[in-house]
Amino acid sequence: MNQHIHEECGVFGIFARENTNVAALTYYGLYALQHRGQEGCGIAVNDDGVITFHKDVGLVSEVFTPQVLEKLGQGSMAVGHTRYGTAGTKSRANCQPMVVNHIKGRMALAHNGNLINATELRRSLELQGSIFHTTTDTEVISYVVTKERLTTPSIEAAVSCAMYKIEGAYSLVLMSPTKLIAARDPFGFHPLCYGQMDDGTYVVASETCALDSVHAHFVRDIEPGEILVFTKDGIRSMREHCGREEKRLCVFEHVYFARPDSIVDGVSVHEARIRAGRCLARRHPVEADVVIGVPDSGLDAALGYAQESGIPYEVGFIKNKYIGRTFIAPGQSARENLVRIKLNPVSAVVRGKRVVMIDDSIVRGTTSARIVKLLREAGAAEVHVRSSAPPFMNPCYYGVDIDSRDRLIACHHSVEEIAKIIGADTLGYLPVEDVGELMQVKCGEGYCHACFDGAYPTREPEVADKNRFDFKISEGKKK
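Just so it is clear, the structure is predicted and the values come from calculations on it, not from any experiment.

Undergrad: Would you mind going over empty space enclosed by the protein with me for this structure?
TA: Summary: where empty space remains is shown by rolling a probe the size of a single water molecule over the atoms. Tallying each qualifying case throughout the model produces 4 cavities of 30 Å³ or more. By volume, the second largest cavity is sized at about 100 Å³. Lining of the second largest cavity is provided by 13 residues; of these, C250, C396, V400, C448 and C451 occupy positions nearest its centre. Looking at side-chain class alone, the lining of the second largest cavity contains 13 nonpolar, no polar and no charged residues.

Below, the structure is given as structure tokens:
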């Protein structure tokens, strides 16, 4: 199952007018954002300018026991993060928030995205004497902001200056001793929104589902390029970077990453996936008996396919919700069982049937082949695979773990060949020209689709390897 696209990261921030149990509220928020990152997580709490934090690898429920939450204590602000690393290896040091001590105070930073100029910035900072303790681009951002803070009148001014230097995708939540700051890159690659609780507490999160988890009312999305500053005096919007670039929201927020109950940039994720399924039914009709979806992000698209085609929708798979990414296969021979352990077909639904199987995407084909095999073993007479995303043809540089054309099956095989490789009777992808219909915009308007057609909104990075900084360290050891 690890051949699927990996999640990005989730960020969460909270600003209360007086001390309260912000650690527990952040815990609930991160739980709602667990789908965005399952490698590690962290929470930093601000109690009258004193920042206490805890972070580690593992799921939110594993890292934050009642004892850990009690030690974090109460405060007026907090920042939280769930991580899947698109830069840097899996380790406690690479977990966020990143907490930095500098001459003008302390800062906690959580980041979702990926910088395209992290390598150049890190090289420049190291030549100036900076010493890095992690292998993430988040630490690069923290150094750039800290450096700008030395010559600017406020932390928000430092963030604004830093945004002229960092390039790529970043949705940030930053906490100083007295302020909570949220910032979104000028392209708006990844979502960021804020809401307010009944007692006046402000909440910032990657998705609206995290606002719901703490009973915060959605106020609005943070605009591309916007910086929001939360203080005891209220909210201030800084729009110096707004309009610098054309908006390019990652299309995979609606196809795969975001939770179906979230609303991203004004568009319901659930409804977007329904529309994707309807498009698939029109573009790739087939005579069949049942439509099923691969949990979780294939379910809504499957429902849309069924609605448009008139073919009955059924629950075709049961997903084991008790296995996280920490599950270890005891030996090479057991790896084939991983798919069945995580996903099992409902044989009564598929036996003797012509099945339309909807999945969110096909990356390398390995997982799709195993899932098709499961359906065959459960007695499916035919398996017609439909992908609610177009074929992947290019790597992503903005926070999605697609880093090499060599690993993308669509770069090396035709649709007919891929169908044969994965064992499907037929295969159909969502056409690139239909992607805009998901967000109800014109084709190519307002979203990034570079992974499909190579139309990158930015320049391509010098070094794209997600473990580029780890490689540098290992090379140093070799010398």
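Moving on from the model shown.
Undergrad: Teacher, can you tell me more about the confidence of the model for the protein here?
TA: A low pLDDT means the predicted coordinates there should not be read in detail. Summing up the model confidence of the protein, the mean pLDDT is 90 and the portion of residues at 70 or higher is 90%. Counting contacts from residues 325–333, a segment whose pLDDT is below 50, to residues more than four positions away or on other chains yields 10 contacts. This model gives residues 471–479 a pLDDT under 50, and the stretch forms 2 contacts once residues within four places in sequence are excluded.

Undergrad: Got a minute to help me understand the pattern of salt bridges in this structure?
TA: When their charged atoms lie close together, side chains carrying opposite charge are able to pair. According to the stated counting rule, one finds 24 salt bridges in the structure shown. The partner of E120 in a salt bridge is R459, and the shortest N-O contact between them spans 2.9 Å. Taken together, the positions of E120 in helix α4 (residues 118–127) and R459 in the loop between α16 (450–453) and α17 (468–478) put the pair 339 residues apart, joining distant regions of the chain. A salt bridge links E156 to R236; its shortest N-O distance comes to 2.5 Å. Taken together, the residues E156 in helix α6 (residues 155–162) and R236 in strand β13 (residues 234–238) connect sequence positions 80 residues apart. Taking relative accessible area as the criterion, R236 reaches 42% and is therefore assigned partly exposed. The structure contains a network of salt bridges with shared partners spanning R220, E223, E226 and R239.

Undergrad: Sorry, what's going on with the side chain of H449 here?
TA: With respect to the element layout, H449 can be found in the loop between β23 (447–448) and α16. A polar atom in the side chain of H449 sits 2.7 Å from the side chain of D453. Ignoring sequence-local partners within four residues, the contact set of H449 consists of G444, G454 and A455.

Undergrad: Help me understand the sheet that holds strand β22 (residues 426–429), please; the structure alone is not making it clear to me.
TA: Paired through their backbone hydrogen bonds, the strands of a sheet run either parallel or antiparallel. The strand order across the open sheet built from 4 strands is β17-β20-β21-β22, with neighbouring strands paired in parallel fashion. Edge strands, defined here as strands with exactly one partner in the open sheet, are β17 (290–293) and β22. Sheet twist, expressed as the average angle between the axes of neighbouring strands with direction ignored, equals 20°. Judged from the 6 bridges that link them, strand β20 (residues 354–359) and strand β21 (residues 382–387) form a sheet pairing that is parallel. Counted as the bridge partner of V355 is V383 from β21. Packed onto the sheet, helix α13 (residues 366–377) meets β17, β20 and β21 and runs at close to 150° relative to β21. The strands touched by helix α14 (residues 415–422) within the sheet are β21 and β22, with β22 carrying the most contacts at an inclination of about 125°.

Undergrad: What should I look at first to understand the environment of R376 in this one?
TA: Along the chain, the position of R376 falls in helix α13. Between the alpha carbons of R376 and P345 there is a distance of 9.8 Å; along the sequence they are 31 residues apart. What R376 contacts, discounting residues up to four positions off in sequence, is A381, E382, V383, G423, A424 and D425. Only 2.9 Å separates the side chain of R376 from the side chain of D425, close enough to count as a polar contact.

Undergrad: How should the nonpolar core be read in this particular structure?
TA: With 44 residues, the main nonpolar core has F252 and Y398 as its most contacted residues. In terms of residues, this core owes the most to one element, helix α9 (residues 269–283), which gives 5 residues. L30, V45, M197 and A210 belong to the second-largest nonpolar core, a separate cluster that totals 28 residues.

Undergrad: What exactly am I supposed to notice about the pairing of strand β2 (residues 40–47) here?
TA: In the case of a regular strand, side chains alternate between the two sheet surfaces. Judged by how many residues are buried, β2 sits mostly within the fold: 7 of 8 residues are covered. The antiparallel hairpin formed by β2 and strand β3 (residues 50–57) contains 2 residues in its connecting segment, where D48 sits at a positive phi of about 55°. Inspection of the sheet shows β2 paired to strand β4 (residues 75–83) by 7 bridges, in the antiparallel sense. Within the sheet, the bridge partner assigned to G40 lies in β4 and is R83.

Undergrad: It is not clear to me how unusual backbone geometry should be interpreted in this structure. Could you clarify?
TA: Most of the time, phi is negative for any residue but glycine, and the peptide bond is trans. Of the consecutive residues Q96 and P97, the connecting peptide bond is found in the cis state with omega at 10°. By the secondary structure assignment, P97 is in the loop between β4 and β5 (98–102). For the bond running from P295 to D296, omega is -5°, close enough to zero to count as cis. Among the secondary structure elements, D296 is positioned in the loop between β17 and α10 (299–309). Positive phi, close to 50°, is recorded for D265, a residue that is not glycine. Mapped onto the elements of the fold, D265 is located in the loop between β15 (263–264) and β16 (267–268). The phi dihedral of Q440 falls on the positive side, at around 60°, and the residue is not glycine.

Undergrad: How do you make sense of α14 when you look at a structure like this?
TA: Each α-helix winds once per 3.6 residues, and so residues spaced three or four apart point in a common direction. Restricting attention to buried positions, one finds in α14 the residues I418, A419 and I422. Seen along its axis, α14 keeps its buried residues to an arc of 105°; they face one direction. Turned more than 90 degrees away from the buried face of α14 sit E416 and K420, all of them exposed. Structurally, α14 contributes buried residues whose contacts are with α13, β21 and β22. G423 sits one or two positions beyond α14 and adopts a positive phi of about 85°.

Analysis parameters
Residues numbered from 1 in each chain as written. Predicted model: local features only at pLDDT ≥ 70, side-chain atom pairs only at ≥ 80, totals over all residues. Heavy atoms only, no water. 1 Å grid on protein atoms, 1.4 Å probe; cavity = no way out; pocket = protein on both sides within 12 Å on 5 of 7 lines; lining within 4 Å. Points joined across faces, edges and corners; volume = space filled by probe spheres on them. Nonpolar A, V, L, I, M, F, W, Y, C, P; charged D, E, K, R; others polar. pLDDT = per-residue confidence, 0-100. Contact = heavy atoms within 4.5 Å. Salt bridge = Lys/Arg side-chain N within 4 Å of Asp/Glu carboxyl O. Helix = DSSP H or I, 4+ residues; strand = E, 2+ residues; numbered from the N terminus. Buried < 20%, exposed > 50% of the residue type's maximum accessible area, 1.4 Å probe, protein only. Polar contact = N/O pair within 3.5 Å; in protein donor to acceptor, adjacent residues only side chain to side chain. Pairing = 2+ DSSP bridges. Axes fitted to C-alpha atoms, helices over the stretch in contact; angles between N-to-C directions. Core = buried A, V, L, I, M, F, W, Y, C linked by side-chain atoms within 4.5 Å. Arc of directions from axis to C-beta.

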